[in-house]
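Coordinate inspection notes
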Amino acid sequence: LHIHGGLAVRAAVLRALSELPGCRAAEPGEFTRRAFLNGRMDLAAVEGLADVIDAETEAQRRQAMRQLCGTLGSLVAGWRERLIEVLALLEASLDFSDERDVEDAAVDPRIPGLVAGLEQEMARHLADERRGERLRDGFTVVLAGPPNAGKSTLLNALAKRDVAIVSEIPGTTRDAIELRCDLNGLPVTFIDTAGLRETEDPLERQGVARTRAHAESADLVLWLVPSGGDPQAVSPGAGPTLRLGTKADLPGAAADVDLSISAKTGERVSMLLDRIGAAAEAALGQGDAVITRERHRQAFAEAHQSLGRALAAL
């Protein structure tokens, strides 16, 4: 029905339709569910459609479209055909070994090679460092360091707007502030955290504890060392770390750092983004992973283990 878009007209048409016997509003995802139940889409394609809807960056969209278009389904279907061939050869060897056109050996000599090839292919996909799952969740970068190191100023510079409160008073940031962005087509989440120091303030202590927890689970930690500040040791247990000298526009350059920047003037901020982008691409890829969910990984792992047992039995 092609109708006017006014609220009253739409409401009247829907009211009239609802009075028809057996007529009801479609539920969310109902047409996709019907396609799945009727064999028009496999479960991986349905999950890919959900990921297309939720995609925030180009790499996420590309990975989701690969699943929607059947990349995983086609791969698994090919493996299934090869395994059926192995089963046929194995059963022929066992049941018809006395026939002339079947090998006399108990097991067809081609079978171990076919099974080993499949096992190696599955192992290669399992050894992808979870790029597919990580791309769906995004690359996490934590801004950490002592109070007044310039973490909130850097977050505002990256966001190009005032996201966090900036103050010279130590301990201003108490809770983590997240900023999601699209960096070269990859989803990156920056987290501004409370400054690490010993304090008697119970609220600030909670913020420091959360900072340490975020640093331990981060894909990359930007450890900020202000110009003229004391180069503190990186928090124990922190993830991969980039030591970042801040406030480069002030005298007294920070020592023992990987890169010096000034969030206030923008000096070398683009270089910092390039390094973060390179780290994100190395960790996430560009949407070319086959395994994108934990369900996929568990199924691959179970199949890989079964093939290993088969090889051992052979």
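Residues numbered from 1 in each chain as written. Predicted model: local features only at pLDDT ≥ 70, side-chain atom pairs only at ≥ 80, totals over all residues. Heavy atoms only, no water.

Across its full length, the chain holds eleven helices and six strands. The burial tally for the chain puts 37% of its 314 residues in the buried class. Summarising the internal contacts of the chain: among those between residues at least 6 apart in sequence, 56% fall at separations of at least 24. Element-wise, carbon and sulfur atoms account for 54% of the exposed surface of the chain, whose accessible area totals about 18000 Å². (Helix = DSSP H or I, 4+ residues; strand = E, 2+ residues; numbered from the N terminus. Buried < 20%, exposed > 50% of the residue type's maximum accessible area, 1.4 Å probe, protein only. Contact = heavy atoms within 4.5 Å. Areas by Shrake-Rupley, 256 points an atom, 1.4 Å probe, with all protein chains shown as cover.)

Glancing now at the side chain of Gln67. Its place among the elements puts Gln67 in helix H4 (residues 58-68). At a separation of 3.1 Å, a polar atom in the side chain of Gln67 contacts the side chain of Thr292. Filtering out sequence-adjacent residues up to four positions away, Gln67 remains in contact with Ala44, Ala45, Gly48, Leu72, Val290, Thr292 and His296. (Polar contact = N/O pair within 3.5 Å; in protein donor to acceptor, adjacent residues only side chain to side chain.)

To continue, consider the packing of helix H5 (residues 71-95) against helix H6 (residues 110-126). Packing of H5 against H6 brings their axes to within 10 Å, and their N-to-C directions diverge by 160°. It follows from the interaxial angle that H5 and H6 lie roughly antiparallel. Handedness of the crossing formed by H5 with H6: left-handed. Here Leu75, Trp79, Arg82, Leu83, Glu85, Val86, Leu89 and Leu90 of H5 come into contact with H6, specifically with Arg110, Ile111, Leu114, Val115, Gly117, Leu118, Glu121, Met122 and His125. Grouping the constituent residues of the contact of H5 with H6 by class yields eleven nonpolar, two polar and four charged. (Axes fitted to C-alpha atoms, helices over the stretch in contact; angles between N-to-C directions. Parallel < 35°, antiparallel > 145°, perpendicular 65-115°, else oblique. Left-handed = near helix turned anticlockwise from the far one by under 90°. Nonpolar A, V, L, I, M, F, W, Y, C, P; charged D, E, K, R; others polar.)

One pass over the structure, following the stated rule, counts one aromatic pair. Look at Trp79 and Phe300: their rings are 5.4 Å apart centre to centre, the planes differ by 65°, and that puts the pair in the edge-to-face class. In this pair, Trp79 is assigned in helix H5 and Phe300 in helix H11 (residues 294-313), connecting sequence segments 221 residues apart. Here the two residues Trp79 and Phe300 agree in accessibility, since each one is buried. (Phe/Tyr/Trp six-rings, centres within 6.5 Å; stacked < 30°, edge-to-face > 60°.)

Looking now at H5. Taking 1.5 Å as the rise per residue, H5 with 25 residues should run 36 Å; its terminal C-alpha atoms sit 36 Å apart, in good agreement. All of the buried residues in H5 are Leu72, Trp79, Val86, Leu89 and Ser93. Buried-residue contacts for H5 involve helix H3 (43-54), H4, H6 and H11. (Expected span 1.5 Å × (residues − 1).)

Right, let's talk about the packing of H3 against H4 for a bit. Following both chains from N to C, one finds H3 and H4 inclined at 155°, their axes separated by 7 Å at the closest point. With respect to H4, the axis of H3 lies roughly antiparallel. Judged by the twist between their axes, the crossing of H3 over H4 is left-handed. Together, Ala44, Ala45, Gly48, Leu49, Asp51 and Val52 of H3 and Ala64, Met65, Gln67 and Leu68 of H4 make up the contact between the two elements. Among the residues forming the contact of H3 with H4, the class breakdown is seven nonpolar, two polar and one charged.

Let's shift gears to a nonpolar patch on the surface. Where nonpolar side chains cluster on the molecular surface, the patch consists of Leu1, Ile3 and Val9 and spans about 300 Å² of accessible area. Tracing the backbone shows Val9 in helix H1 (residues 7-18). (Patch = residues over 30% accessible without salt bridge, like charges linked within 9 Å, V, L, I, M, F, W, Y side chains within 5 Å. Salt bridge = Lys/Arg side-chain N within 4 Å of Asp/Glu carboxyl O.)

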